[in-house]
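So the chains spell out like this:
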Amino acid sequence: MGSRTPGREGPALNDLLQRFHQMAPLDLPRLLREVYPALGIADVSIYLADIQQTELIAVPDPVSASPPRLPIDTGTAGLAYRTVAPQIVAPEDGDEGEGEGEGVRLWLPLLDGVERIGVLGMDLPALDEGVLDHCLSLASLITLVLIDKTTYSDTFNSLQRVRPMRLPGELLWASLPPRTIGTDRATSSAVLEPAYDLGGDAFEHTIVENDVLHAAVFDSMGHDLVSGLTTLVAVAAARHARRGGGGLDAVVSELDADLGHFFPDRHVTAVLAHLDLATGELAWANCGHPPPLLLRDGAVVPGALEGAPELPLGLGPFAASARRVHRARLRPGDRVLLYTDGVPEARSPGGELFGEERFTAFVLRAMAAGELTPEVLRRLIHAILAHQRGRLTDDATILLFEWHPEHQEGARLPSGA
């Protein structure tokens, strides 16, 4: 079962790919077991991160004895998720979820582009570069299957929830992009809480025609279903203008007009930004929102992205006539931080604000320690939740993007492998 059949790895993966098309979601573990001999694998466990990124939840497999849940903040599986790097553990090391017998357990991150969706645990008799290549290919294939099945099945979405979600949250999550996107020139990552009880916050980021990163955060007045609908119209209006070829001016103008037409009694605060990925030119519009922060060389550049206050979106021609698009030039390695007011205004039970200084210091310390952007934001949003004892009084959204035109790929194997 654990002995690899030389020369069969490629055909086995191709056969697996063809059979995935008509597979029911929870048939995945059974189908994988049929190709273990050709790949030299003793066992595979698939874990998906829960919606708040606190636990890794196993895809059910009646044959496997793997733990149903593993923590993200501790353990080797969590380390593979946090660092987006392979982790190798010998059974005698006592790793959680380890297989039986001799050999090693390999943990691989499951990545949709640069978005973390979970981890893959694999029991192997031995590990070398050739086996690792096939394991990485299998991890990529499994990720594609998980993403594909999620588009028309509730199975994996339901698995990633640990408690019921309110309707406004259901509405918003269905329309949000992946939490992390990126290319070799820019990366953008976002987090949003309270995950199961969202009101009117949302984020948006996308790459426009390979040349521009569009990023935005939105905060609609109120905390009810209409707030969520208002925010969704704002996101859709921005996409409509952008996909029609409009620049940032056109996006802001359409947002103002559509929100004023469909929700005349509501308004939305927002920051919208376009980053030219070739030149580093940043354009942004601030519509009644906390100003973006520029992080450079381990510090906040004071006042770099501030501007005169402007009114929220959706207040009609009066507000629209005052709109301005600001511009600045980024340097390679610069990061821009967008956030809603629920972040610094998060208040502890004793009345202490989380505050902008604590918020930015957390980000700067984590990045100085070499943490990846998605991991920085994951830990930050958990720190904000802990500050309020897990009960936010307002939505909190954070989006951080970085321009890295000279990005270098890191090594695939972990240190000491």
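Below you will find a few notes about this structure. (Residues numbered from 1 in each chain as written. Predicted model: local features only at pLDDT ≥ 70, side-chain atom pairs only at ≥ 80, totals over all residues. Heavy atoms only, no water.)

If you trace the five strands from one edge of the open sheet to the other, you get β9-β10-β11-β12-β15, paired in antiparallel fashion. With partners counted over all chains shown, the strands left at the sheet margins are β9 (201-208) and β15 (326-329), one partner each. Between one strand axis and the next, the sheet turns through 15° on average, direction left out of account. Bridge count between β9 and strand β10 (residues 212-220): eight bridges; the pairing is antiparallel. By the bridge assignment for β10, E204 is matched with A216. Against the sheet, helix α8 (residues 225-243) touches β9, β10 and β11 (268-276), its axis set at about 15° to β9. Sheet contacts for helix α9 (residues 248-262): β10, β11 and β12 (281-287); angle to β11, the most-contacted strand, approximately 160°. (Pairing = 2+ DSSP bridges. Helix = DSSP H or I, 4+ residues; strand = E, 2+ residues; numbered from the N terminus. Axes fitted to C-alpha atoms, helices over the stretch in contact; angles between N-to-C directions. Contact = heavy atoms within 4.5 Å.)

Among the surface-exposed residues, L167, L225 and L229 lie close enough to one another that they form a single nonpolar patch of about 250 Å² accessible area. Residue position: L229 is located in helix α8. (Patch = residues over 30% accessible without salt bridge, like charges linked within 9 Å, V, L, I, M, F, W, Y side chains within 5 Å. Areas by Shrake-Rupley, 256 points an atom, 1.4 Å probe, with all protein chains shown as cover. Salt bridge = Lys/Arg side-chain N within 4 Å of Asp/Glu carboxyl O.)

This brings us to the side chain of R179. By the secondary structure assignment, R179 is in the loop between α7 (167-173) and β7 (180-182). When neighbours within four sequence positions are excluded, R179 is seen to be in contact with I51, Q53, Y81, E115, R116, S188, S189, A190, F203 and H205.

In this fold, E375 is placed in helix α12 (residues 373-387). Assessed through its relative accessible area of 4%, E375 is described here as buried. Within the structure, E375 has its side chain in polar contact with the side chain of R116 (distance 2.8 Å). Excluding residues within four positions of it along the chain, E375 makes contact with R82 and R116. (Buried < 20%, exposed > 50% of the residue type's maximum accessible area, 1.4 Å probe, protein only. Polar contact = N/O pair within 3.5 Å; in protein donor to acceptor, adjacent residues only side chain to side chain.)

Residues F218, L255, L272, L282 and F401 are the most contacted members of the largest nonpolar core, which totals 51 residues. Residue contacts for L272: discarding those within four places in its chain leaves H214, A215, A216, F218, L248, V251, V252, L255, A283, W284 and A285. Residues F20, L39, L132 and F156 belong to the second largest nonpolar core, which totals 36 residues. (Core = buried A, V, L, I, M, F, W, Y, C linked by side-chain atoms within 4.5 Å.)

Without other data, these values stay purely geometric and don't point to any function.
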